[in-house]
Amino acid sequence: MSNIEIVPLCDAIGPMGASLRRPLPETFPGSDALWERLRRETPEVFGPDGEWILRFHCFVLRVPTGPTILVDTGLGPEDSPAASWAPVPGVLPTALADMGLAPEDIDVVVLTHLHSDHVGGAVAKGEPVFPNARHLVQRAELDWLESGGGPVLDDVVRPLGPLLDPVTGETTLAPALKAVPTPGHTPGHQSVVLGDMELVVAGDVVLHPVQLADPSVGYIYDDDAEKAAATRTALLAGLREHDGVLAAPHLPAPFIRVLDAWTSGDKARGDV
Ligand SMILES: [Zn+2]
């Protein structure tokens, strides 16, 4: 058993903004048959109009006599690129302070991917928020963002400058802790794996409980839906096999023991 401490920090809670909001069966292709049950059994992910309520969690991993690692940086300030669709500002800086951490204390930031709600908190007023941290990102993710351009590139990633540390493939963060590619949602998406899948901080591999019910259920904003489904299916199968814990930013709870999830075991797909 690892003695790495893992602390979830809630950066924000709220609905997807109007610019990206679609009816749920459209947002999650292939999910039509699942909503009645989800509304009954996971009411906390639905708003008053039935809309999706997202949590935006980040995770701090404290390695004894090793680095302090932050996985994802949340939405960021009022003028973050996430403002176009998400409930900015995020409160991550306050949450870190509440646990006794100054921005300077973060040694490594792992960016699961370069969407605005995961990287938006890395820069404020044009300056890096975590000045002593190397910001680990997959090279494939950076290439993808650079080929498309946009405010995340210009306003967040470029200002990180030399703090950005592009890597390819698996990266060891500490003994029994590594970042591994989990592509599909974005081309260079990565997750943080503890031990033998004791726990996986999985970014947007799984976004909604509907994808625990059926990992083949897609997400309209996945870059490669087929690859994303394959990654999700394999990751959830691995967690089940090892009785592991899923830590995913947008799920209703920051830690979900996959074997206990309402959607797993004998209640898994086929039973809905
Ligand atoms: Zn996200």
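Above this text you will find the structure in question.
Throughout what follows, the structure given in this document is the object of discussion. As the structure is a computational prediction, the values presented were derived from the model and not from experiment. (Residues numbered from 1 in each chain as written. Predicted model: local features only at pLDDT ≥ 70, side-chain atom pairs only at ≥ 80, totals over all residues. Heavy atoms only, no water.)

**Digging into the overall build of the protein**
Phase 1 of the analysis: Per the secondary structure count, the protein includes eight helices and 14 strands.
Phase 2 of the analysis: The C-alpha radius of gyration of the protein comes to 17 Å, within 12% of the 19 Å expected for a compact globule of 272 residues.
Phase 3 of the analysis: Along the three orthogonal principal directions, the C-alpha set of the protein runs to about 50 × 45 × 35 Å.
Phase 4 of the analysis: Every one of the 272 residues in the protein was classed for burial, and the buried ones make up 56%.
Phase 5 of the analysis: Long-range pairs, those at least 24 residues apart, make up 70% of the contacts in the protein between residues at least 6 apart in sequence.
Phase 6 of the analysis: Looking at the protein as shown, the accessible area adds up to about 11000 Å², and 53% of this sits on carbon and sulfur atoms.
Phase 7 of the analysis: Across the protein, 18 positive and 38 negative side-chain charges occur, with their mean positions spaced 4 Å apart. (Helix = DSSP H or I, 4+ residues; strand = E, 2+ residues; numbered from the N terminus. Rg over C-alpha atoms; globule rule 2.2 N^0.38 Å. Buried < 20%, exposed > 50% of the residue type's maximum accessible area, 1.4 Å probe, protein only. Contact = heavy atoms within 4.5 Å. Areas by Shrake-Rupley, 256 points an atom, 1.4 Å probe, with all protein chains shown as cover. Lys, Arg positive; Asp, Glu negative; His and termini not counted. Charge placed at Lys NZ, Arg CZ, Asp CG, Glu CD.)

**Quick word on the pattern of salt bridges**
Phase 1 of the analysis: Inspection of the entire model under this criterion finds seven salt bridges.
Phase 2 of the analysis: Between E5 and R62 there is a salt bridge; the shortest N-O distance is 3.1 Å. Here E5 is found in strand 1 (residues 5-15), whereas its partner R62 is found in strand 2 (residues 53-62), with 57 residues between them in sequence.
Phase 3 of the analysis: For R62, a relative accessible area of 27% corresponds to the partly exposed category.
Phase 4 of the analysis: Salt-bridge contacts for R257 lead to D243; the nearest nitrogen and oxygen are separated by 2.7 Å. In this pair, R257 sits in strand 14 (residues 256-257) while D243 sits in the loop between helix 8 (225-242) and strand 13 (245-247), placing the two residues 14 residues apart along the sequence.
Phase 5 of the analysis: Each of the salt bridges in this network shares a partner with another, and the network as a whole consists of R37, R40 and E41. (Salt bridge = Lys/Arg side-chain N within 4 Å of Asp/Glu carboxyl O.)

**Points about a negative patch on the surface**
Phase 1 of the analysis: The grouping of E78, D79, D154 and D155 at the surface amounts to a negative patch.
Phase 2 of the analysis: With respect to the secondary-structure elements, D155 resides in helix 6 (residues 151-160). (Patch = residues over 30% accessible without salt bridge, like charges linked within 9 Å, V, L, I, M, F, W, Y side chains within 5 Å.)

**Looking at the sheet that holds strand 11 (residues 190-194)**
Phase 1 of the analysis: Read across the open sheet, the six strands follow the order 9-10-11-12-13-14; overall the sheet is mixed. The two strands at the open ends of the sheet, each matched to only one other strand, are strand 9 (171-174) and strand 14.
Phase 2 of the analysis: Direction of pairing for strand 10 (residues 177-181) relative to strand 11: antiparallel, over a ladder of five bridges. Looking at the pairing, A179 lines up with V192 of strand 11.
Phase 3 of the analysis: Helix-sheet contacts for helix 8 involve strand 11, strand 12 (199-201) and strand 13, and the interaxial angle to strand 13 is about 140°. (Pairing = 2+ DSSP bridges. Axes fitted to C-alpha atoms, helices over the stretch in contact; angles between N-to-C directions.)

**Notes on the coordination of the zinc ion**
Phase 1 of the analysis: With distances of 2.1 to 2.2 Å, the protein atoms coordinating the zinc ion are D117 (OD), H118 (NE2), D204 (OD) and H250 (NE2).
Phase 2 of the analysis: Its four donor atoms give the zinc ion angles of 87 to 164° at the centre, a pattern that matches the irregular case.
Phase 3 of the analysis: In the primary structure, the donors to the zinc ion are separated according to the pattern D-H-x85-D-x45-H. Of the two residues, D117 and H118, both sit in the buried class. (Donors = N, O, S within 2.8 Å, 3.2 Å for Na, K, Ca; no water. Tetrahedral: all angles 85-135°; square planar, octahedral: opposite > 155°, others 65-115°.)

**Looking at the pairing of strand 11**
Remark: a regular strand shows side chains that alternate across the two faces of the sheet.
Phase 1 of the analysis: Taking burial as the measure, the five residues of strand 11 include five buried ones, the bulk of the element.
Phase 2 of the analysis: Examined bridge by bridge, strand 11 and strand 12 share three bridges and lie antiparallel to one another. Residue pairing in the sheet places V192 in a bridge with V201 of strand 12.
Phase 3 of the analysis: What sits between the antiparallel neighbours strand 11 and strand 12 is a turn of four residues, in which G195 has the positive phi angle 55°.

**A word on the packing of aromatic side chains**
Phase 1 of the analysis: Taken as a whole and assessed by the stated rule, the structure comprises eight aromatic pairs.
Phase 2 of the analysis: Geometrically, the ring pair formed by W35 and F46 is edge-to-face, given 6.1 Å between the ring centres and 85° between the ring planes. Of this pair, W35 sits in helix 2 (residues 35-41) while F46 sits in the loop between helix 2 and strand 2; the two residues are 11 residues apart in sequence, bridging distant segments of the chain.
Phase 3 of the analysis: When its relative accessible area of 13% is taken as the criterion, F46 is described as buried. (Phe/Tyr/Trp six-rings, centres within 6.5 Å; stacked < 30°, edge-to-face > 60°.)

**Structural notes on unusual backbone geometry**
Keep in mind that most residues, glycine aside, have a negative phi and that most peptide bonds are trans.
Phase 1 of the analysis: Cis geometry is found at the peptide bond from V88 to P89, where omega equals -5°.
Phase 2 of the analysis: As for its position among the elements, P89 is in the loop between strand 3 (68-71) and helix 3 (92-98).
Phase 3 of the analysis: If you check the backbone angles, D72 has positive phi at about 70° while not being a glycine.
Phase 4 of the analysis: Looking at the element boundaries, D72 is found in the loop between strand 3 and helix 3.

Keep in mind these values describe shape, not function.
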